[in-house]
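# Remarks on the overall topology
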Amino acid sequence: MSNVVLVGAQWGDEGKGKITDLIAREFDFVVRYQGGNNAGHTVVSGDKKLALHLIPSGIMYENAIPVIGNGVVVNPQVLVEEMRMLEGEGFPCDRLKISCDAHVIMPYHIELDRASEFKLGKNEIGTTNRGIGPCYQDKAARSGIRIQDLLDEKVFRMKVAAALEVKNAILEKVYGKRTFTVDEICAACLPYAEVIRPHMAETAMMLNEALRDGKRILFEGAQGTLLDIDHGTYPFVTSSSCCAGGAATGSGVGPAAIDRVLGIEKAYVTRVGAGPFPTELLYPENGGEGQDAVDGDLMCSVGHEYGVTTGRKRRCGWFDAVIARYAAEVNGLTDIALTKLDVLSAFDEIKICVAYECNGERYEYFPMQQSVLYHAKPIYKTMPGWKGQDITKATAFEELPQAAQDYIAEIERLSGVKATIVSVGPDRHQTLMRGWDR
Ligand code: GDP
Ligand code: IMO
Ligand code: MG
């Protein structure tokens, strides 16, 4: 196995951090290629539990060089704080490389993110308020500020002054919010420049050189397929290319270098923020009732479904094979890592959504129109559970109860991709390898 892209196949929080950490030792580089500190990736090893937002989850292995690629948006303060946190935990960050071309999240991006969400009111996206969207907006508008701009105070001041002319007008006149001064922005960003400077690199060149030397690269996606700016449930998406294709543009490595695409899928589905979610089991506080509300609450509490970045309660629902098939297509998945199977041990019966129904029509594939997705009613297949049987100590697929094996087989059949990794607990060791390491 050589170069692998690891992507979230649902709406994020599928367990990408755990699986990246698990397989990172097989690679020479672990590269984040999109997103920013909207991500929250959890890595658990023994009694250590780390939440990473920007630095690749491969940081715990000394052999792998962690890289923040050009497609990432970087909040300098968050980056430096995360480096200090990791160093405090005994994981030195001196190997970390950061692309000079990555864009910088500025204080006004965060203010604009909050203000625009507030203005949307009940139509809000439910962003993480980390300034992600406004930063990518500036990148696309060709007015962004990049990591390399932090190197030269004169250039930085000039670019900030130009940006503030527009940002301050929007903040004040459109949103009635506070404005910023150039000095204030410089004071907020430049102290971090000296810490970041030794890590700045031409990462695209570095990675291509590494490929020529036969080195292996793992691309760690953030967010998930349904949050992708092109392929997700627009406009309820993030502002970057989370899908496998984004790994090429977000790192500067050609697509032909990618050998395998590993989709991370929870054995059920969660979503944070607003937007359509056909298999959602509505909570009582959101108008849910009956068995669905009971199941949703159980999934949330057993799965500890609270956001790593914002602490928000995640919306929960049954596994959706329609989106699993879609994710298999738009990412070109070669493998699935099925996570959190242990959470389903709490249920008598388990449902899988095999298709949607809308206006009398059956949809086997992801509907083209957002309005269909909004009104889609899941068509479920019910499978027997393995309630009460502890699967968290299983060490091989064959040790799982027959019902759990059948459930995995059904997911594989419906998505057309083999689950070569099955995760039965948050720890690195709670993982069943089924041909991933072939
Ligand atoms: P990511 O954003 O995709 O990296 O996922 P998050 O870290 O946001 O959320 C996944 C959560 O599930 C974390 O708390 C993980 O420690 C936890 N987790 C990962 N795999 C498993 C698993 O197989 N079983 C259980 N019970 N928890 C898991
Ligand atoms: P990881 O990498 C789950 C969601 C937000 C919101 C939408 C847009 O941990 O899986 P943004 O701040 O990006 O503009 O918000 O995307 N979102 C995530 N949901 N996991 C994430 O990251 C997410 N990053 C963003 O909740 O709905
Ligand atoms: Mg997460």
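It should be emphasised that the depicted structure is a prediction, and the values quoted were computed from it without experimental measurement. (Residues numbered from 1 in each chain as written. Chains lettered and ligands numbered in written order. Predicted model: local features only at pLDDT ≥ 70, side-chain atom pairs only at ≥ 80, totals over all residues. Heavy atoms only, no water.)

## Structural notes on the side chain of Asn-331
Examined against the element boundaries, Asn-331 turns out to sit in helix α10 (residues 321-331). Judged by its relative accessible area of 6%, Asn-331 is buried. A distance of 2.9 Å separates a polar side-chain atom of Asn-331 from the backbone nitrogen of Ala-244. Of note is the side chain of Asn-331, whose polar atom sits 3.0 Å from the backbone oxygen of Ala-327. (Helix = DSSP H or I, 4+ residues; strand = E, 2+ residues; numbered from the N terminus. Buried < 20%, exposed > 50% of the residue type's maximum accessible area, 1.4 Å probe, protein only. Polar contact = N/O pair within 3.5 Å; in protein donor to acceptor, adjacent residues only side chain to side chain.)

## What about the coordination of the magnesium ion (ligand 3)?
Every protein donor of the magnesium ion (ligand 3) is listed here as Asp-13 (OD) and Gly-40 (O), and their distances to the metal cover 2.0 to 2.2 Å. Separated by 27 residues along the polypeptide, Asp-13 in the loop between β1 (4-8) and α1 (16-23) and Gly-40 in the loop between β2 (29-32) and β3 (41-45) bring together distant segments of the chain. (Donors = N, O, S within 2.8 Å, 3.2 Å for Na, K, Ca; no water.)

## Some details on the site of ligand 2
As a matter of local geometry, ligand 2 sits amid 20 residues, with Asp-13, Lys-16, His-41, Thr-128 and Thr-238 nearest to it. Arg-312 has a polar side-chain atom sitting 2.9 Å from an oxygen atom of ligand 2. Coverage of ligand 2 by the protein chains reaches 98% of its 540 Å² of free accessible surface. Here the residues of the shell around ligand 2 are counted per class, giving 7 nonpolar, 10 polar and 3 charged. (Near = heavy atom within 4 Å. Areas by Shrake-Rupley, 256 points an atom, 1.4 Å probe, with all protein chains shown as cover. Nonpolar A, V, L, I, M, F, W, Y, C, P; charged D, E, K, R; others polar.)

## Re the site of ligand 1
Around ligand 1, a shell composed of 18 residues is seen, among which Lys-16, Gly-17, Thr-42, Asp-342 and Ser-423 lie nearest. With respect to ligand 1, the side chain of Ser-423 contributes an N or O atom lying 2.5 Å from an oxygen atom. Backbone polar atom of Gly-425 to an oxygen atom of ligand 1: 3.0 Å apart, as the coordinates give it. Within the complex, the protein chains bury 92% of what would otherwise be the 580 Å² of accessible surface of ligand 1. Broken down by secondary-structure element, the contributors of at least two residues to the shell around ligand 1 are α1 and β3. When its residues are assigned to classes, the shell around ligand 1 shows 4 nonpolar, 7 polar and 7 charged. Residues lining the shell around ligand 1 come from more than one domain, with at least three contributed by each of domain 1 (4-99 + 200-263) and domain 3 (265-433). (Domains from an automatic or database assignment.)

## Concerning the domain arrangement of the protein chain
Taken domain by domain, the protein chain consists of domain 1 (4-99 + 200-263), domain 2 (103-195) and domain 3 (265-433). Using only C-alpha atoms to locate each centre, domain 1 and domain 3 end up separated by 24 Å. Contacts between domain 1 and domain 3 engage 38 residues on the former and 41 residues on the latter. Summing both sides of the interface, domain 1 and domain 3 together bury roughly 3,200 Å²; the carbon and sulfur share of this comes to 56%. The largest per-residue losses of area from domain 1 upon contact with domain 3 belong to Gln-10, Trp-11 and Lys-18, which jointly make up 22% of the total buried on that side. Put simply, domain 1 and domain 3 have 3 salt bridges between them. Applying the counting rule to domain 1 against domain 3 returns 28 residue pairs in polar contact (both at pLDDT 80 or more). Every element with two or more residues in the side of domain 1 that touches domain 3 is listed here: α1, β3 and β11 (260-266). Of the residues forming the side of domain 1 that touches domain 3, the biggest block, 5 residues, is contributed by α1. Here the residues of the side of domain 1 that touches domain 3 sort into 19 nonpolar, 13 polar and 6 charged. (Contact = heavy atoms within 4.5 Å. Buried area = accessible area lost by both parts, 1.4 Å probe. Salt bridge = Lys/Arg side-chain N within 4 Å of Asp/Glu carboxyl O.)

## Quick look at unusual backbone geometry
In this structure, the amide linkage connecting Tyr-234 to the following residue, Pro-235, adopts the cis form with an omega of 5°. Mapped onto the fold, Pro-235 is located in the loop between β10 (217-220) and α8 (246-249). Despite not being glycine, His-304 shows a phi value in the positive range, around 50°. Tracing the chain through its elements places His-304 in the loop between α9 (290-302) and β13 (315-317). Unlike most non-glycine residues, Lys-340 shows phi in positive territory, near 60°.

## So, the pairing of strand β16 (residues 349-358)
Most of β16 is tucked away: 7 of the 10 residues are buried. Relative to strand β18 (residues 377-384), β16 runs antiparallel, the two being bridged by 8 bridges. Bridging from a neighbouring strand, Ala-355 pairs with Ile-379 of β18. The pairing of β16 with strand β17 (residues 361-363) spans 3 bridges and is classified as antiparallel. Counterpart to Glu-357 in the pairing with β17 is Arg-362. Counting the residues between successive antiparallel strands, the hairpin from β16 to β17 contains 2 residues, one of them, Asn-359, with a positive phi of roughly 50°. (Pairing = 2+ DSSP bridges.)

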